[in-house]
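Overview (structure and organization)
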Amino acid sequence: MSTAVVIENIVKTYQAGLPPAVDGVSLRIEPGELSFLLGPSGCGKTTLLRMVAGFFEPTGGRILFRTPAGERDVTHLPPNKRNTGMVFQSYALWPHMTVAQNVAFGLEIRKVSAAEKDRRVMDALEVVQMAQYAERKPNALSGGQQQRVALARALVIRPDVLLLDEPLSNLDAKLRIELRSEIRRICKSSGITTIYVTHDQKEALSMADQVAIMKAGKLIQCGHPEELYRRPGSRFVAEFLGETNFISGKVVSSDARGCLVHTAFGELRSATKWAGGADVSVSLRPEALRLGTSVAASSALGHSVLQGRVTDRVYLGELAQMSVELKPAANATMSAQAGQSVLKLAVLNPPAVGGTGDAVELAVAPEDVVVVGA
Ligand code: ATP
């Protein structure tokens, strides 16, 4: 039976007089969901995960494990009474034991019969594709293989909740990418509710059902990866999840379809709903800016057009990275703020136009003009 994790207004203060490491976070993780805690170093994600595991006692708030059969308040339960499985950054395998013995350890202390233990160990090793290494010692395995064993050891006890603390950060870049889809497959096929801590945006975007973004102990925004990337609610989230450009502006009109933002470089139609009269920043992702589209065609599609000149172009084969210095709009009533007149572009399958020095037009669709507040 799959478990929902409900975190209610949880607080952790390590030391009186210091700001809380986790500051009133409320979050719900649905049964079987793979949910990420993501944020810069020191934002409190490990502290939050360890409170769910029971390693740290919260200063305030509640943690509930909820199934259709009922609800358990685990806030003050010791870790061994929660039925959670944990995987750490350092694999923490016992070097003197074989792979099978390492995986079996959690079952021994649970007094599972020998026959069932053997069966469950092999099942768990099959899931992580390590059955053929059952009799090896951990030091005869690669880092990625050791982390698979650590995952099998967490899964074998059939935890209600699986907790992963930066499980890929000790592995090289290629292996990290390979293991992303592997871990997602394992979590989804086992149906175990999983909380995964990382500071790697790409890891979170590529694996998660839900991402909770934290900053200075607080939950800033929570949602599906695509929703967070395409519709960040703040400048912090827009910047933290990938590259973006910001332009300042003022909302001059607003309707059911979104709003119109006046900037020093022209008007931008946005699909974001925002109150008229507000001073705002607009986020434009480098890959959302289309190069060289004719003004007439773009306007007919409801896209906004900016004029500029290419100041730099780096050809990378399938794409080109460009910098475009925007031209102030003739009728602009506001002036450009320092540093915001050059936009970064990522142009897939780059056309011949757009060499350094060329005058270009950039078109952008309303859903790619994201208003994020001042
Ligand atoms: P990282 O990505 O660097 O691991 P994090 O987001 O996981 O960071 P935490 O380890 O949860 O952050 O730390 C949150 C804050 O709490 C930090 O300011 C940290 O210095 C502080 N902190 C963590 N552990 C303790 C402790 N045992 N005693 C006092 N302060 C602590």
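Residues numbered from 1 in each chain as written. Predicted model: local features only at pLDDT ≥ 70, side-chain atom pairs only at ≥ 80, totals over all residues. Heavy atoms only, no water.

**Focus on helix H1 (residues 45–53)**
Note the threshold: Think of it in three bands: with a 1.4 Å probe and only protein chains considered, a residue is buried below 20% of the maximum accessible area for its type, exposed above 50%, and partly exposed in between. Secondary structure follows DSSP: runs of H or I at least 4 residues long count as helices, runs of E at least 2 residues long count as strands, and numbering of each begins at the N terminus.
For H1, a buried count of seven out of nine residues is recorded, marking the element as mostly surrounded by other parts of the structure. Within H1, the full set of buried residues consists of Lys-45, Thr-47, Leu-48, Leu-49, Met-51, Val-52 and Ala-53. Where H1 ends, the next residue or the one after it, Gly-54, has phi of about 100 degrees, a positive value.

**Some points on the environment of Asp-160**
Defined as follows: Only heavy atoms enter the contact rule, under which two residues are in contact if any of them lie within 4.5 Å. Side-chain atoms alone can form a polar contact between residues adjacent in sequence; in general such a contact is a pair of N or O atoms within 3.5 Å, and within protein one must be able to donate a hydrogen while the other accepts it.
With respect to the secondary-structure elements, Asp-160 resides in the loop between helix H4 (143–155) and strand S7 (161–165). Taking the C-alpha atoms as reference, Asp-160 lies 5.8 Å from Asn-83; in sequence the two are 77 residues apart. With near-sequence residues (within four places) excluded, Asp-160 lies in contact with Thr-3, Arg-72, Arg-82, Asn-83, Ile-192 and Thr-193. Polar side-chain contacts of Asp-160 include one of 3.4 Å to the side chain of Arg-72.

**Here we look at the state of the cysteines**
Heads up, the rule is: By disulfide we mean two sulfur atoms from cysteines, separated by a distance within 2.5 Å.
Within this structure, the stated rule accounts for zero disulfides. Unpaired in this structure, Cys-187 has its nearest cysteine sulfur neighbour in Cys-222, at a distance of 17 Å. Owing to a relative accessible area of 1%, Cys-187 belongs among the buried residues under this scheme.

**Things to note about the domain arrangement of the chain**
Definition in use: As annotated, the domain borders come from an automatic or database domain assignment. Buried area is calculated as the accessible area (1.4 Å probe) missing from two parts once they are joined, with the contributions of both summed.
Per the domain assignment, the segments making up the chain are domain 1 (4–236) and domain 2 (243–373). Taking only C-alpha atoms, the centre of domain 1 and the centre of domain 2 are 40 Å apart. Contacts between domain 1 and domain 2 engage seven residues on the former and eight residues on the latter. A buried area of about 710 Å², summed over both sides, lies between domain 1 and domain 2, and 44% of it is on carbon and sulfur atoms. Contact with domain 2 buries area across many residues of domain 1, yet Tyr-229, Arg-230 and Arg-235 alone supply 75% of it, more than any other trio.

**A look at the environment of Thr-13**
For Thr-13, the location among the structural elements is in the loop between strand S1 (4–12) and strand S2 (22–29). Residues Thr-13 and Asp-118 lie 105 residues apart in sequence; the distance between their C-alpha atoms is 43 Å. Leaving out residues up to four positions away in the same chain, Thr-13 has contacts with Leu-18, Pro-20 and Thr-59.

**Here's the deal with the sheet that holds strand S6 (residues 84–87)**
Keep this limit in mind: Note: two strands are recorded as paired if DSSP finds a minimum of 2 bridges between them. Angular values range over 0 to 180 degrees, each being the angle between N-to-C directions of two axes fitted as lines to C-alpha atoms, with helices fitted over their stretch in contact.
With mixed pairing, the six strands of this open sheet are ordered in space as S6-S7-S8-S3-S9-S10. The open sheet has two free edges, formed respectively by S6 and strand S10 (218–223), since each of these has just one partner strand. Strand-to-strand twist across the sheet, computed as the mean angle between neighbouring axes with direction ignored, equals 20 degrees. Taken together, the four bridges between S6 and S7 define a ladder with parallel strand orientation. For Thr-84, the partnering residue across the bridge sits in S7 and is Val-161. Along the sheet face, H1 touches strand S3 (34–38), S6, S7, strand S8 (193–198) and strand S9 (210–215) and points at about 150 degrees away from the line of S7. Lying on the sheet, H4 is in contact with S6 and S7; it crosses S6 at an angle near 170 degrees.

**Examining the packing of helix H2 (residues 99–108) against H4**
We count it as follows: Under this scheme an angle from 65 to 115 degrees is roughly perpendicular, one under 35 degrees roughly parallel, and one over 145 degrees roughly antiparallel; angles in between are oblique. Handedness of each helix crossing follows the sense of rotation of the near helix against the far helix: counterclockwise by less than a right angle gives left-handed, clockwise gives right-handed. Note on residue classes: Ala, Val, Leu, Ile, Met, Phe, Trp, Tyr, Cys and Pro are nonpolar, Asp, Glu, Lys and Arg are charged, and everything else, Gly too, is polar.
Put simply, H2 and H4 touch, their axes get as near as 7 Å, and they point 30 degrees apart. On the basis of their axis angle, the class for H2 and H4 is roughly parallel. The chirality of how H2 crosses H4 is right-handed. Only Val-149, Ala-152 and Arg-153 of H4 make contact with H2, whose side of the interface consists of Val-99, Asn-102 and Val-103. Along the lines of polarity and charge, the residues of the contact of H2 with H4 split into four nonpolar, one polar and one charged.

**Considerations on the packing of H2 against helix H3 (residues 114–127)**
Look at H2 against H3: their axes get within 9 Å of each other, and the N-to-C directions meet at 120 degrees. Looking at the two axes, H2 sits oblique to H3. Where H2 crosses over H3, the handedness of that crossing is right-handed. Residue-level contacts link Val-99, Ala-100, Val-103, Ala-104, Leu-107 and Glu-108 of H2 to Lys-117, Arg-120, Val-121, Ala-124 and Leu-125 of H3. Split into classes, the residues belonging to the contact of H2 with H3 amount to eight nonpolar, no polar and three charged.

**Observations concerning unusual backbone geometry**
A positive phi angle is found at Gln-129, which is not glycine, with a value near 60 degrees. The phi torsion at Glu-166 lies on the positive side, around 45 degrees, for a residue other than glycine. Tracing the sequence through the fold places Glu-166 in the loop between S7 and helix H5 (173–190). Looking at Glu-166, the relative accessible area reads 11%, which means it is buried.

**Quick notes on the site of the ligand**
Let me state the cut-off plainly: Here a residue is considered near a molecule or strand provided that any single heavy atom belonging to it is located within 4 Å of it. Throughout, the Shrake-Rupley method with a 1.4 Å probe supplies accessible areas, and for residues the shown protein chains are the sole cover considered.
By nearness alone, every residue bordering the ligand is listed as Tyr-14, Ala-21, Pro-40, Ser-41, Gly-42, Cys-43, Gly-44, Lys-45, Thr-46, Thr-47 and Glu-166. When the free accessible area of the ligand is taken as 640 Å², the share hidden by the protein chains comes to 56%. Classifying every residue of the shell around the ligand gives four nonpolar, five polar and two charged.

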